[in-house]
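These are the residues of each chain, in order.
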Amino acid sequence: MKYLIIGNSAAAVGAVEGIRQIDKSGQITVISSEPHHTYSRPLISYLLLGKTDRQKMRYRPDDFYSVNGCECIFGKNVLSINVKNKTVSLDDGRSICYDKLLIATGSVPFIPETEGQEKVKNSFTFMSLDDADALGKAINAGSRVLIIGAGLIGLKCAEGIAGRVKSITVVDLSDRVLSSILDAEGSEILGRHIESKGISFILGQSVLRYGENEALLSKGGSVPFDVLVTAVGVRPNTSLLSAIEPSYERGIVTDDEMHTVIPDVYAAGDCTQSLDVSSGKNRVLALLPNAYRQGECAGISMAGGKKPFDRAVPMNAIGFFGLHVVTAGSYTGEVFERKAEGSYKKLFYDKGFLKGFIMIGDVNKAGIYTSLIQNGIPLSDIDFELVCEKPSLMAFSRKYRDEKLGGVRQ
Amino acid sequence: MKRVYVNEKWCLGCHLCEYYCAFANTGMKDMAKALCNLEIRPRIRIEEQDDISFAVSCRHCDEPLCVKSCITGALSRENGVIVIDSDKCVGCFTCILACPYGAISQSETGAIQKCELCAKTNDGIPQCVAGCPNGAIVFEDRG
Ligand SMILES: Cc1cc2nc3c(=O)[nH]c(=O)nc-3n(C[C@H](O)[C@H](O)[C@H](O)COP(=O)(O)OP(=O)(O)OC[C@H]3O[C@@H](n4cnc5c(N)ncnc54)[C@H](O)[C@@H]3O)c2cc1C
């Protein structure tokens, strides 16, 4: 059996480990346009910050590919897939055949068309190790950095370089920071914290036009800068399949074993859509835990096993300048709220089920809440009042504890 | 593999397991000296309310959501035991968000900590179990 994986990140690694659970000898080829050993993409900001290094940020040990018997083709781009002949063609002219193909091509940054953008010389995105290296080289203690986008990637970038530049200004169209995962109050807390570290926000505005070292804003005024980072969002990288299936624009659609509608072609990770059980809707969950788990399920399925991918929820754990934030699920329904000095918690529940939550500061045992959402545990089965106050197994039935802690088989 | 199991009805809520755990992870010889004036951060924790108490520590799950969610590759499985490479961990707490039992916590270094069945410190003999006076936590292979 010849397995071919396009991509070399979380979903691809999940697939290699999934395949090897079932098939110890089939030939695995991993192709990636990035010329690196698999690394943790979220750590690129920690690399700039000096909290990790190139060796430590490797997502798997140095011998990962040899232990798993993978042939690596790195630094090469797959240009197209021929599903009839079951081959892919590379940018060096080679053609590689497969029996089972996995598309784990991840995300690409979204860059809005803005007048004058071609004039900006020091313009970066913040998606890859090479991006981080290039940005690291471009900045110095005198740099004025403009970051477009106050989402996860823009803010992580700001944290990564904060100690190394003169100033950082973050502009976002939304009137609050991290609007995709926080409510207004949470945004306020986090925004204030980040501001207190010397980062300036210009919110509710976009860039109308760029000059070489200046951005003109939509509501008037301008920001001078030396270095520009665009981080307004990511899109699923579906280009290889959208040539074949145009409807995949908003994430490749698969069944729960990560099989696409094309025979022997699977997809996993940021490039796909998945069913978010907290909302019941299909959406792109561009998050690493999701990517790994999808990749593993795809690998198992490609090797002839069966492990459906399910129980997906959006979940974020992220810290900025020492303040921790964890969130999961959807923010619908009734709300339970607790605020204390330095911590903030909101739980959202609807029709007897926990749907989502936000915790800032104290994130202890948050996974107990996540499990209530992921496993659809009826709140009537637990002591909901207690669990609201404090995530704990005490709130669960004795039977649940006997099974989970006591190892009693039901 | 052998795992730590909890017999809830035998737990006295004495918290000794927490002390033995914290001590085991100091690498020191004298418990009193090791823990003197120390705010302990054990990897096993007692939950208690009214007359119910029980210890919670890592289940070393067959489907370890923490390992699969770890964004850095710092969590992995070695001979069945879920272990943490604290050097790689940046303390993002995705594992805390993923663990259904609340069994992962923050260490004083900022990285996470969790029960590793004393594999690194006491030849794989969990000290919480060894120190429990009432057999409320046991270390057994139940398949
Ligand atoms: C700065 C930053 C911080 C983040 N922080 C977090 C976080 O804290 N928590 C979290 O859960 N997630 C975070 N994420 C998101 C996380 O990195 C992604 O969800 C995860 O990397 C997705 O993995 P993947 O395998 O699907 O794809 P990707 O990691 O995007 O990898 C896809 C790979 O495929 C390669 N590729 C694409 N097309 C081709 C082609 N045609 N030929 C050859 N190779 C190709 C790409 O070069 C790339 O190496 C962060 C992302 C960024 C950028």
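Just above sits the structure.
Residues numbered from 1 in each chain as written. Chains lettered and ligands numbered in written order. Predicted model: local features only at pLDDT ≥ 70, side-chain atom pairs only at ≥ 80, totals over all residues. Heavy atoms only, no water.

**Student:** So what exactly am I meant to see when it comes to helix 5 (residues 152-161) of chain A here?
**Tutor:** The α-helix advances 3.6 residues per turn, and as a result positions three or four apart in sequence lie on the same side. Taken across its 10 residues, helix 5 of chain A has 8 buried, putting it largely inside the fold. Burial in helix 5 of chain A covers these residues: Gly 154, Leu 155, Lys 156, Cys 157, Ala 158, Glu 159, Gly 160 and Ile 161 of chain A. (Buried < 20%, exposed > 50% of the residue type's maximum accessible area, 1.4 Å probe, protein only. Helix = DSSP H or I, 4+ residues; strand = E, 2+ residues; numbered from the N terminus.)

**Student:** Would you explain the sheet that holds strand 15 (residues 222-224) of chain A in this entry?
**Tutor:** The strands that make up a sheet are held in pairs by hydrogen bonds between backbone atoms, and each pair lies either parallel or antiparallel. Residue and element names in this part refer to chain A. Read across the sheet, 3 strands follow the order 13-14-15 without closing on themselves; strand pairing throughout is antiparallel. Because the sheet does not close on itself, it has two edges, and the strands there are strand 13 (207-211) and strand 15. Neighbour-to-neighbour, the strand axes of the sheet open up by a mean angle of 20°, direction not taken into account. In this structure, strand 13 lies alongside strand 14 (residues 214-217), joined through 4 bridges in antiparallel fashion. By the bridge assignment for strand 14, Arg 209 is matched with Leu 216. (Pairing = 2+ DSSP bridges. Axes fitted to C-alpha atoms, helices over the stretch in contact; angles between N-to-C directions.)

**Student:** Quick question: what am I supposed to make of the packing of aromatic side chains here?
**Tutor:** Both the distance between ring centres and the angle between the ring planes are used here to describe each pair of aromatic rings. All names here are of chain A. Under the counting rule described, the total for this entry stands at 7 aromatic pairs over all chains. A centroid spacing of 5.4 Å and a plane angle of 55° characterise the contact between Phe 357 and Tyr 369, whose relative ring orientation is tilted. Placement of the pair is Phe 357 in strand 25 (residues 353-360) and Tyr 369 in helix 9 (residues 366-374), with a sequence separation of 12 residues. Judged on exposure class, the residue Phe 357 and its partner Tyr 369 are both buried. Here a set of aromatic residues connected by ring pairs shows up, and it is made of Phe 64, Tyr 65 and Phe 74. Here Lys 156 stacks its cationic end above the ring of Phe 320, 5.2 Å away from the centre of that ring. Here the guanidinium or amino end of Arg 235 rests over the ring plane of Phe 110, the centre of that ring lying 4.0 Å away. (Phe/Tyr/Trp six-rings, centres within 6.5 Å; stacked < 30°, edge-to-face > 60°. Lys NZ or Arg CZ within 6 Å of the ring centre and 35° of its normal.)

**Student:** How do you make sense of the interface of chain B and chain A when you look at a structure like this?
**Tutor:** With 37 residues of chain B at the contact, the number on the chain A side is 46 residues. Between chain B and chain A, the buried area comes to about 3500 Å², and carbon and sulfur atoms account for 57% of it. Along the contact surface separating chain B from chain A lie 5 salt bridges. For Arg 401 of chain A, the salt bridge is made with Glu 8 of chain B, and the minimal N-O distance between the two is 2.7 Å. Put simply, chain B and chain A have 15 residue pairs in polar contact (both at pLDDT 80 or more) between them. (Contact = heavy atoms within 4.5 Å. Buried area = accessible area lost by both parts, 1.4 Å probe. Salt bridge = Lys/Arg side-chain N within 4 Å of Asp/Glu carboxyl O. Polar contact = N/O pair within 3.5 Å; in protein donor to acceptor, adjacent residues only side chain to side chain.)

**Student:** For this particular structure, what's the right way to read the sheet that holds strand 4 (residues 78-82) of chain A?
**Tutor:** All names here are of chain A. Sheet architecture is open: 3 strands sit in the order 4-5-6, paired in antiparallel fashion. The outermost strands of the open sheet, each flanked by one partner alone, are strand 4 and strand 6 (95-97). The average undirected angle you get between the axes of adjacent strands in this sheet is 25°. Judged from the 4 bridges that link them, strand 4 and strand 5 (residues 87-90) form a sheet pairing that is antiparallel. Its bridge partner being in strand 5, Ile 81 is matched across the sheet by Val 88.

**Student:** So what exactly am I meant to see when it comes to the pattern of salt bridges here?
**Tutor:** In a structure, side chains of opposite charge can pair up when their charged atoms sit close to one another. All names here are of chain A. Evaluated as defined, the whole model comprises 34 salt bridges over all chains. Residue Asp 92 pairs with Arg 94 through a salt bridge whose shortest N-O separation is 3.0 Å. Residue classification places Asp 92 among the partly exposed residues on the basis of a relative accessible area of 36%. Here the salt bridges share partners, and the residues they tie into one network are Asp 183, Glu 185, Glu 337, Lys 339 and Lys 346.

**Student:** Explain helix 1 (residues 10-22) of chain A here, please?
**Tutor:** All names here are of chain A. Spanning 13 residues, helix 1 covers 19 Å between terminal C-alpha atoms, matching the ideal 18 Å at 1.5 Å per step. In terms of burial, helix 1 is largely enclosed, as 10 of its 13 residues are buried. Every buried residue of helix 1 is listed here: Ala 10, Ala 11, Ala 12, Val 13, Gly 14, Ala 15, Val 16, Gly 18, Ile 19 and Arg 20. Looking at the buried positions of helix 1, the neighbouring elements they touch are strand 1 (2-6), strand 2 (27-32), helix 3 (64-67), strand 3 (70-74), strand 7 (100-103) and helix 8 (288-302). (Expected span 1.5 Å × (residues − 1).)

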